Protein chains: 2
Amino acid sequence: MEFNLWGTPDEAKDLSASVKKMLHKMLGVTEPSPRRELSEVRLSPVQLSDADLAELQGIVGAEYVSTQQEQRAPRARGKSYLDLVDWRLDQVIAAPDAVVAPGSEEEVLAVLQWCSQQSVAVVPFGGGTSVVGGLSPLAGDHRAVISVDLARFDQCEDVDAESGLATLGAGLSGPHAEMLLAQHGLQIGHFPQSFPYASIGGFAATRSSGQNSAGYGRFDEMVRELTVVTPKGILHPGQASPATAAGPQLKQLFLGSEGLFGIITRVRLRVHPIPETKLYEAFSFPTFADGVRALRTVEQTGAGPTVLRLSDEIESSVNLTSTDKIGEQDESAHTGCLAITLFEGTTQHAQSRHQETRALMQRLGGESLGEGPARKWEEGRFGAPVLRDSLMDAGALCETLETATDWSNVPRLKKAVGEALAKALVHDGTPALIMCHVSHVYAEGCSLYFTIVGAAGPQPQARWRAAKQAATQAIADNGGTVTHHHAVGTDHLPWMDAEIGALGIEILRAVKREVDPEGILNPGKTFDLSAQSRVGAGNGPAATPAASGASTLSPAIDEGGEGQ
Amino acid sequence: MEFNLWGTPDEAKDLSASVKKMLHKMLGVTEPSPRRELSEVRLSPVQLSDADLAELQGIVGAEYVSTQQEQRAPRARGKSYLDLVDWRLDQVIAAPDAVVAPGSEEEVLAVLQWCSQQSVAVVPFGGGTSVVGGLSPLAGDHRAVISVDLARFDQCEDVDAESGLATLGAGLSGPHAEMLLAQHGLQIGHFPQSFPYASIGGFAATRSSGQNSAGYGRFDEMVRELTVVTPKGILHPGQASPATAAGPQLKQLFLGSEGLFGIITRVRLRVHPIPETKLYEAFSFPTFADGVRALRTVEQTGAGPTVLRLSDEIESSVNLTSTDKIGEQDESAHTGCLAITLFEGTTQHAQSRHQETRALMQRLGGESLGEGPARKWEEGRFGAPVLRDSLMDAGALCETLETATDWSNVPRLKKAVGEALAKALVHDGTPALIMCHVSHVYAEGCSLYFTIVGAAGPQPQARWRAAKQAATQAIADNGGTVTHHHAVGTDHLPWMDAEIGALGIEILRAVKREVDPEGILNPGKTFDLSAQSRVGAGNGPAATPAASGASTLSPAIDEGGEGQ
């Protein structure tokens, strides 16, 4: 993962002429946006002394403390549109003052205790895929900020295949974790779009949700126990058994805590046999409402697909058009809404789920499109963020946002968010392309995931901030959650008060004071409303988050579980 | 529900001669234990002045404050064996000084604020079914204790049938809640053994789990949002949508909090259409290990029965013998382990689940016994606690305890707990009857539920305390949870330190200080280790719980979700 891209420079290919033409003609994209090399980038000066660095080296070893540009730059920003634009601008980028990679819980504890004594803030780092400002190196009122990299927590331990449990190091990437489990014939089944890069610890810290959530659940549902290092000591929040009535669930305070309460170093989680069978089927529904009704019925009946998703009319049309045809008039263009189903497990299990789901989908107006579009979706499912790099090179704004709501509220919420985005993103008379899909279903409701492509314009960050502000306010005003799986970071912070209430925030702060009395962990994020936020920029509904210029930011958090 | 029984006096019928003979011959039961009438019972003197009572009446209305014996007695104890024995002894019973029934959240808040100012402890009361000392009226260091009865929170509101959500008053009993929902064609699907009496608020406060948990989940999994009144204000912990990544899950602090953080007044929870079809099938397995393997396979495959349970050899033998044959030699006595399955939902859904489950059960050694034993189990499933009243009259000790663990640990835990109980409960050379079943299954493991019948002996409470102490220590030492669904109350308090760790307890205490600064809510329970506990009696592993004599107890909590 390149510091200034989602993927590698090789992956971010130049767009075809037809796509470029479409961007220009339909979206008003004009000026390409050149990337900068790492050597051209200016990072903030290191605020730690040689004596500080020597003390940190004394804890973790000299080779695991770095102040080099190559180490600091990839830990200075996440992978949101705002983050990636930052690297293209001629400005000083605030970066962590050092990158420290402890190798054991004891070393993490010693680092946190040193930072508490020395008033140095800490931003935990897993895979670096936050799309909500979770990595911003904010120092709060501390004198410096370090990035604590979990990369050395990379083991798979204590596999209990009978019970379907394994303990994984927080620094393991999705593919690395799956590779280690595959040696036992097991898998996690967690495939968010960030899967290739994001880490096990980050999935837990951000309540990530993957594309197979209909079958395997959200990541937070898979977690049995965490190992968390706080400045006050090492905790193992979790359960002594698969279920318990022994009081409040402490692990639910640490899941989604985004590094504010401690650093997650290990995760014991539910794992599954690698499936015998995978069955695919796509359907087309006349309207989005028809498709939503079918998804709701399938989920509430308990028919049990592993993947269940639905694109709206615009996204379906883009998905079902081959790339070289984009932008051309096509008489045979798809007009319905594409639904994808996938069934995993034993052969009998997958077949019976498939039959029950197909019967419901067809009864409710779905026309089978066969396996093709479902397999095509699976093949390309990690590709969209890489495409964004190319779109940004061409001068396009490209970003996603997500929410969730009850089934009965889906039409209202989708309309409100779509309209807020459309209104905010008209540029020189050209509209933005706004696509939406449902990719996570629950008995009570579903997620809504919006993808936006438009012209970057002369002030791309201000343009996106205004659109995100409008969309998030529409979410808060229309019964959605401020984030279904991207987490809070700095971007959603101004709406936390609306989301959980003032007394709720006071409770979380009471917990924080208990485990992190000096407030060194990720100041200025998630529910730390005293701090700055990027998106709210003084406009959010919460208690006066100060306006923030990107270049004055200093410290940040664990990487987010970026979505699909 | 009679103050000194589980059921009504009518329900607690005299045992047949053959059962009495069996109790005598096999278990050494000799002396009957007579019940006392309410008029014979001596309650602790009321510690509130007329001025206090007038102030409480000013808040909730004169008719909703009572110091009468008829009101205080049923709120003085729960329904554990220790509780029920208390009523049979010639002693003063500590009771709440008054019973107060507020009619709105504002009235609850005013009562809690008055109690905070006046140093009066509060024990919330739902259905009164706690079997873990949750109702003990402990005052801690306060001058008195009141029972706050939620009975007036008895409405069903905001039904959203499309999303499958409804808001229910915390004081609604199981049957009353189901009756209100049935008017909308909906049900909860939560059927713990306490169902006839226990309350919606109590289910949430204790993380109750019902017999249909394989299909509908635990009660805590059904809860979308709570309304909780704390001395610091009214909270709505929950989620703005079916799922969210907006930080820690605050509702998970209040689920299982057993009244320590606040009083739950309303619960918004997931509801389901009343099923079209119910299918039943029982199986017999040669051994408990065979049955456990089959249950594990069914659950891990995702075959999806609504009910899935398995009795061990002894319990199967008792369950499959007709009552009038108990105690007689029977050449045709059942020798295997009885498994019960039940499938609910749409006809297609129930049938496909049934087929998949049956195929797995049979492949793994299960012999079908047809519908009969499964229907018989369903008919009698709320009957066992009533039978306990009769057994106690006859002079028997009868109690249950429960735990849960991973599949790989089931044999070790069952053996350890069974042996600890057997060793502790031998009386005058006669053993106790110790039965065990699995009634809740998860991908990773299952619950183990023990039912014990033996001779009460001359010191029934000391005898049970010793057995419970030995069994719980065996659970803690052998990888089980101290409670799967009975909750903590006072009885499991000494093991909370082992269950969640010292720093975990400090975090919960930090939350408590934030929402209940005067510590009026349920002092001496769940994680309040400074307080007394009944069972630990100084022998538990946790930080010095003081020894407690039952007659010196003063205040207590919300009723528990008693099991099956």
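Since this is a predicted model, take the numbers as computed values, not measurements. (Residues numbered from 1 in each chain as written. Chains lettered and ligands numbered in written order. Predicted model: local features only at pLDDT ≥ 70, side-chain atom pairs only at ≥ 80, totals over all residues. Heavy atoms only, no water.)

**Here we look at the interface of chain A and chain B**
The interface of chain A with chain B comprises 82 residues on the first partner and 82 residues on the second. Roughly 6000 Å² is buried in total at the junction of chain A and chain B, and carbon and sulfur atoms are behind 58% of that figure. Contact with chain B buries area across many residues of chain A, yet A:A245, A:P248 and A:E444 alone supply 11% of it, more than any other trio. On inspection of chain A and its partner chain B, the count reaches 12 salt bridges. As a salt-bridge pair, A:R224 and B:E444 come within 2.8 Å of each other at their nearest N and O atoms. Our enumeration of links across chain A and chain B arrives at 42 residue pairs in polar contact (both at pLDDT 80 or more). For the side of chain A that touches chain B, the element with the most residues is helix α19 (residues 502-515) of chain A, which contributes 10 residues. (Contact = heavy atoms within 4.5 Å. Buried area = accessible area lost by both parts, 1.4 Å probe. Salt bridge = Lys/Arg side-chain N within 4 Å of Asp/Glu carboxyl O. Polar contact = N/O pair within 3.5 Å; in protein donor to acceptor, adjacent residues only side chain to side chain. Helix = DSSP H or I, 4+ residues; strand = E, 2+ residues; numbered from the N terminus.)

**Points about the relation of the copies chain A and chain B**
With an RMSD of 0.0 Å, chain A superimposes on chain B once it is rotated by 180° and translated 0.0 Å along the axis. A rotation of that kind, with that shift, is consistent with a two-fold axis. Take the interface residues of chain A: 100% of them recur as interface residues in chain B, which is what a same-surface contact looks like. (Least-squares fit on C-alpha atoms with pLDDT ≥ 70 in both.)

**A look at empty space enclosed by the protein**
In this approach the atoms are scanned with a rolling probe the size of a water molecule, which exposes any empty space left behind. The final tally for this structure, using the stated rule, is 6 cavities of 30 Å³ or more. One number sums up the size of the largest cavity: a volume of about 80 Å³. Together, A:E499, A:I500, B:G238, B:Q239, B:A240, B:T244, B:A246, B:P248, B:Q249, B:L250 and B:K251 line the largest cavity. Among the residues making up the lining of the largest cavity, the classes are represented as 5 nonpolar, 4 polar and 2 charged. (1 Å grid on protein atoms, 1.4 Å probe; cavity = no way out; pocket = protein on both sides within 12 Å on 5 of 7 lines; lining within 4 Å. Points joined across faces, edges and corners; volume = space filled by probe spheres on them. Nonpolar A, V, L, I, M, F, W, Y, C, P; charged D, E, K, R; others polar.)

**Topic: the nonpolar core**
Counting residues in hydrophobic clusters, the biggest one holds 136 residues, and the most contacted among them are A:I146, A:I188, A:F219, B:I146, B:I188 and B:F219. In this structure, A:I188 is in contact with A:L168, A:A177, A:E178, A:L181, A:I200, A:Y216, A:F219, A:M222, A:L269, A:V271 and A:H272, ignoring residues within four places of it in sequence. (Core = buried A, V, L, I, M, F, W, Y, C linked by side-chain atoms within 4.5 Å. Buried < 20%, exposed > 50% of the residue type's maximum accessible area, 1.4 Å probe, protein only.)

**Things to note about the packing of aromatic side chains**
Residues and elements named next belong to chain A. Going through the model one piece at a time under the given rule, you end up with 12 aromatic pairs over all chains. Aromatic pair F254 and F261: ring centres 5.8 Å apart, planes at 70°, arrangement edge-to-face. Connected via pairs of aromatic rings, a cluster forms that spans F191, F195 and F382. In this arrangement the basic side chain of R75 is found over the ring face of F125, its NZ or CZ atom lying 4.7 Å from the centre. Above the face of the Y64 ring, R152 is positioned so that its terminal group lies 3.5 Å from the ring centre. (Phe/Tyr/Trp six-rings, centres within 6.5 Å; stacked < 30°, edge-to-face > 60°. Lys NZ or Arg CZ within 6 Å of the ring centre and 35° of its normal.)

**As for the packing of helix α2 (residues 50-60) of chain B against helix α5 (residues 105-118) of chain B**
When two helices pack together, their arrangement is given by the angle between their axes and by how far apart the axes lie. All names here are of chain B. Between α2 and α5, the least distance of the axes is 9 Å, while the angle of their chain directions is 155°. Relative to α5, the element α2 is oriented roughly antiparallel. Here α2 runs over α5; the crossing is right-handed. On α5, the residues touching D52, E55, L56, I59 and V60 of α2 are E107, A110, V111, W114 and Q118. For the contact of α2 with α5, the per-class residue count stands at 6 nonpolar, 1 polar and 3 charged. (Axes fitted to C-alpha atoms, helices over the stretch in contact; angles between N-to-C directions. Parallel < 35°, antiparallel > 145°, perpendicular 65-115°, else oblique. Left-handed = near helix turned anticlockwise from the far one by under 90°.)

**Observations concerning helix α13 (residues 347-363) of chain B**
Its 17 residues place the ends of α13(B) 24 Å apart at the C-alpha level, agreeing with the 24 Å of an ideal helix rising 1.5 Å per residue. In this structure, the buried side of α13(B) is in contact with α11 (288-301) and α13 (347-363) of chain A together with β14 (277-285), α11 (288-301), β15 (307-311) and β16 (337-345) of chain B. Directly beyond the C-terminal end of α13(B), a positive phi value near 105° is found at B:G365. (Expected span 1.5 Å × (residues − 1).)

**Brief notes about the pattern of salt bridges**
Applying the stated rule across the entire model yields 56 salt bridges over all chains. Two residues, A:R270 and B:E444, come together in a salt bridge whose shortest N-O distance is 2.9 Å. Remark: B:E444 occurs in the loop between β19 (433-438) and β20 (445-455) and A:R270 occurs in strand β12 (residues 263-270); the pair is interchain, linking two chains. Looking at A:R270, the relative accessible area reads 23%, which means it is partly exposed. When its relative accessible area of 3% is taken as the criterion, B:E444 is described as buried. With its nearest N and O atoms 3.4 Å apart, the salt bridge here joins A:K415 to A:E419. Taken together, the residues A:K415 and A:E419, both in helix α16 (residues 410-425) and 4 residues apart, mark about one turn of the helix. Judged by its relative accessible area of 53%, A:K415 is exposed. Residue A:E419 is classed as partly exposed on the basis of its relative accessible area of 46%. Through salt bridges with shared partners, a single network forms among A:R224, A:R270, B:D406 and B:E444.

**Remarks on the domain arrangement of chain A**
Residues and elements named next belong to chain A. By domain assignment, chain A separates into domain 1 (41-149), domain 2 (156-271), domain 3 (277-324 + 334-381) and domain 4 (384-486). The gap between the C-alpha centroids of domain 3 and domain 4 is 23 Å. Across the domain 3/domain 4 interface, buried area totals approximately 1300 Å², and carbon plus sulfur atoms make up 62% of it. Counting the surface domain 3 buries against domain 4, the share from its top three residues, F288, E299 and E315, is 31%. (Domains from an automatic or database assignment.)

**Some details on the side chain of A:R218**
Position of A:R218 among the secondary structure elements: in the loop between α8 (213-216) and α9 (219-222). Within the local environment of A:R218, its side chain forms a polar contact with the backbone oxygen of B:T244, the two atoms lying 3.1 Å apart. With residues near it in sequence (within four places) discarded, A:R218 still touches A:R207, A:S208, A:S209, A:S213, A:Y442, A:H484, B:A243, B:T244 and B:A245.

**Section: the environment of B:Q473**
Residue and element names in this part refer to chain B. Following the sequence through the fold, Q473 ends up in helix α17 (residues 460-477). Accessibility expressed as a relative area gives 22% for Q473, which makes it partly exposed. Taking C-alpha positions, Q473 is 8.6 Å from V417, a pair spaced 56 residues apart along the chain.

**Brief notes about the environment of A:P411**
Note that A:P411 resides in helix α16. Take A:P411: its relative accessible area is 58%, and that puts it in the exposed class.

**Digging into the sheet that holds β12(A)**
Residue and element names in this part refer to chain A. If you walk across this open sheet you meet the 5 strands as β7-β8-β12-β10-β11, and the pairing is antiparallel. The outermost strands of the open sheet, each flanked by one partner alone, are β7 (156-160) and β11 (233-235). Taking the axes of each pair of neighbouring strands and ignoring which way they run, one obtains an average angle of 10° across the sheet. Across 3 bridges, the pairing between strand β10 (residues 223-230) and β11 is antiparallel. Opposite V228, over in β11, you have L235 as the bridge partner. (Pairing = 2+ DSSP bridges.)

**A word on the sheet that holds strand β18 (residues 396-406) of chain B**
All names here are of chain B. The 7 strands are arranged β17-β14-β16-β15-β19-β20-β18 in an open sheet whose pairing can be described as antiparallel. Looking at which strands have only one partner, the edges of the open sheet turn out to be β17 (367-370) and β18. This sheet shows a mean twist of 25° between the axes of neighbouring strands, independent of strand direction. Direction of pairing for β14 relative to β16: antiparallel, over a ladder of 9 bridges. Counted as the bridge partner of F285 is C337 from β16.

**Let's talk about the side chain of B:N4**
Residues and elements named next belong to chain B. By secondary structure assignment, the location of N4 is in the segment before α1 (17-27). We classify N4 as buried; its relative accessible area is 6%. Within the structure, the side chain of N4 is placed 3.2 Å from the backbone oxygen of R36, a separation counted as a polar contact.

**A short note on unusual backbone geometry**
Among all residues save glycine, negative phi is the norm, and among peptide bonds the norm is trans. All names here are of chain B. With a phi close to 55°, R207 is a non-glycine residue in the positive phi region. The backbone phi angle of A487 is positive, close to 80°, even though this residue is not glycine. Among the secondary structure elements, A487 is positioned in the loop between α17 and α18 (496-500).

**Structural notes on the pairing of strand β8 (residues 165-169) of chain B**
All names here are of chain B. Most of β8 is tucked away: 5 of the 5 residues are buried. Both faces of β8 are covered, namely the face carrying L165, T167 and G169 and the face carrying A166 and L168. Sheet analysis places strand β7 (residues 156-160) next to β8, joined by 3 bridges and oriented antiparallel. Bridge pairing in β8 links D160 to L165. Between β7 and β8, which pair antiparallel and follow one another directly, the connecting turn spans 4 residues, one of which, G164, has a positive phi of 70°. The sheet contact formed by β8 and strand β12 (residues 263-270) spans 5 bridges and is antiparallel. Residue pairing in the sheet places A166 in a bridge with L269 of β12.

**Considerations on the UniProt feature "active site" (unreviewed entry) in chain A**
Residue and element names in this part refer to chain A. Per the UniProt record, "active site" (unreviewed entry) is found at Y449. With respect to the element layout, Y449 can be found in strand β20 (residues 445-455). At 3.0 Å, the side chain of Y449 forms a polar contact with the side chain of T400. (UniProt positions renumbered as here; feature names shortened; annotations may be inferred.)

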